[in-house]
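Coordinates in review
So the chains spell out like this:
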Amino acid sequence: GDLFYHALGTGTAAAAVTDTGMGTELTTEYTGNVRATGTHTSSAGVYTSVATNTLDSGTPAVTEHGVMGASTGASTLIDRHVFAAVNMASGDSFVSTYELTLTAGG
């Protein structure tokens, strides 16, 4: 699938292997109400996706990032992580880079 849509949220529960979605994902705050589409590349066993989410409303304290398989709604989650709050406001942008290293012959 297309696992390169970057999601942001305000959930604070620790990321777990059993996560199937974001803790508390932003929805209407995204510009156009859609997740940012990552630009993806791969080389030497490393898949990289970079995206910029821009907000057009709200003042969330962003605490989680995930990479998803669709631009909106329920979707396959490839990875999620939680971090210290980044306070945002309408018009702010959040640039995220996701790297997945794959071992050959595994």
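Scroll up to find the structure.
Residues numbered from 1 in each chain as written. Predicted model: local features only at pLDDT ≥ 70, side-chain atom pairs only at ≥ 80, totals over all residues. Heavy atoms only, no water.

**Description of the overall build of the protein**
Summing up its helical and strand segments, the protein has zero helices and seven strands in all. When the helices and strands of the protein are read in sequence order from the N terminus, they spell out β-β-β-β-β-β-β. A globule of 106 residues ought to have a C-alpha radius of gyration of about 13 Å, and the protein, at 14 Å, matches this closely. Principal-axis analysis of the C-alpha atoms places the extent of the protein at approximately 45 × 25 × 25 Å. Across the 106 residues of the protein, 33% fall into the buried class. Considering only contacts within the protein whose residues lie at least 6 apart along the sequence, 70% involve residues at least 24 apart. In the form shown here, the protein has an accessible surface area of approximately 5,700 Å², with 53% of it arising from carbon and sulfur atoms. (Helix = DSSP H or I, 4+ residues; strand = E, 2+ residues; numbered from the N terminus. Rg over C-alpha atoms; globule rule 2.2 N^0.38 Å. Buried < 20%, exposed > 50% of the residue type's maximum accessible area, 1.4 Å probe, protein only. Contact = heavy atoms within 4.5 Å. Areas by Shrake-Rupley, 256 points an atom, 1.4 Å probe, with all protein chains shown as cover.)

**Observations concerning the packing of aromatic side chains**
Under the definition given, this model contains two aromatic pairs. A centroid spacing of 5.9 Å and a plane angle of 25° characterise the contact between Phe 83 and Phe 94, whose relative ring orientation is stacked. In this pair, Phe 83 is assigned in strand β6 (residues 77-87) and Phe 94 in strand β7 (residues 93-101), connecting sequence segments 11 residues apart. (Phe/Tyr/Trp six-rings, centres within 6.5 Å; stacked < 30°, edge-to-face > 60°.)

**Description of the nonpolar core**
Of all hydrophobic cores here, the largest spans 16 residues; its most connected members are Leu 8, Leu 26, Val 62 and Met 68. Counting residues per element, the ones that place at least two in this core are β1 (5-9), β5 (61-68) and β7. Apart from residues no more than four positions distant in its own chain, Leu 8 is found in contact with Met 22, Glu 25, Leu 26, Tyr 30, Asn 53, Val 62, Glu 64, His 65 and Phe 94. (Core = buried A, V, L, I, M, F, W, Y, C linked by side-chain atoms within 4.5 Å.)

**Some details on the environment of Val 82**
With respect to the helices and strands, the residue Val 82 is situated in strand β6. Separated by 17 residues in the primary sequence, Val 82 and His 65 place their C-alpha atoms 6.7 Å from one another. When neighbours within four sequence positions are excluded, Val 82 is seen to be in contact with Gly 11, Thr 12, Ala 13, Ala 14, Ala 15, Thr 63 and Glu 64.

**Quick word on the pairing of strand β4 (residues 46-54)**
Of the strand pairs in this sheet, strand β3 (residues 39-43) and β4 are connected by five bridges, and their pairing is antiparallel. Within β4, the residue paired with Thr 39 across the bridge is Val 50. Between β3 and β4, which follow one another and run antiparallel, lie two residues, and Ala 44 among them has a positive phi close to 50°. The sheet contact formed by β4 and β7 spans nine bridges and is antiparallel. Within β7, the residue paired with Thr 52 across the bridge is Val 95. (Pairing = 2+ DSSP bridges.)

**Considering the side chain of Thr 63**
Residue position: Thr 63 is located in strand β5. Judged by its relative accessible area of 7%, Thr 63 is buried. Polar side-chain contacts of Thr 63 include one of 2.7 Å to the backbone oxygen of Gly 11. Excluding residues within four positions of it along the chain, Thr 63 makes contact with Gly 9, Thr 10, Gly 11, Thr 12, His 81, Val 82, Phe 83 and Ala 85. (Polar contact = N/O pair within 3.5 Å; in protein donor to acceptor, adjacent residues only side chain to side chain.)

In short, the description is geometric, and any link to function would need to be established separately.
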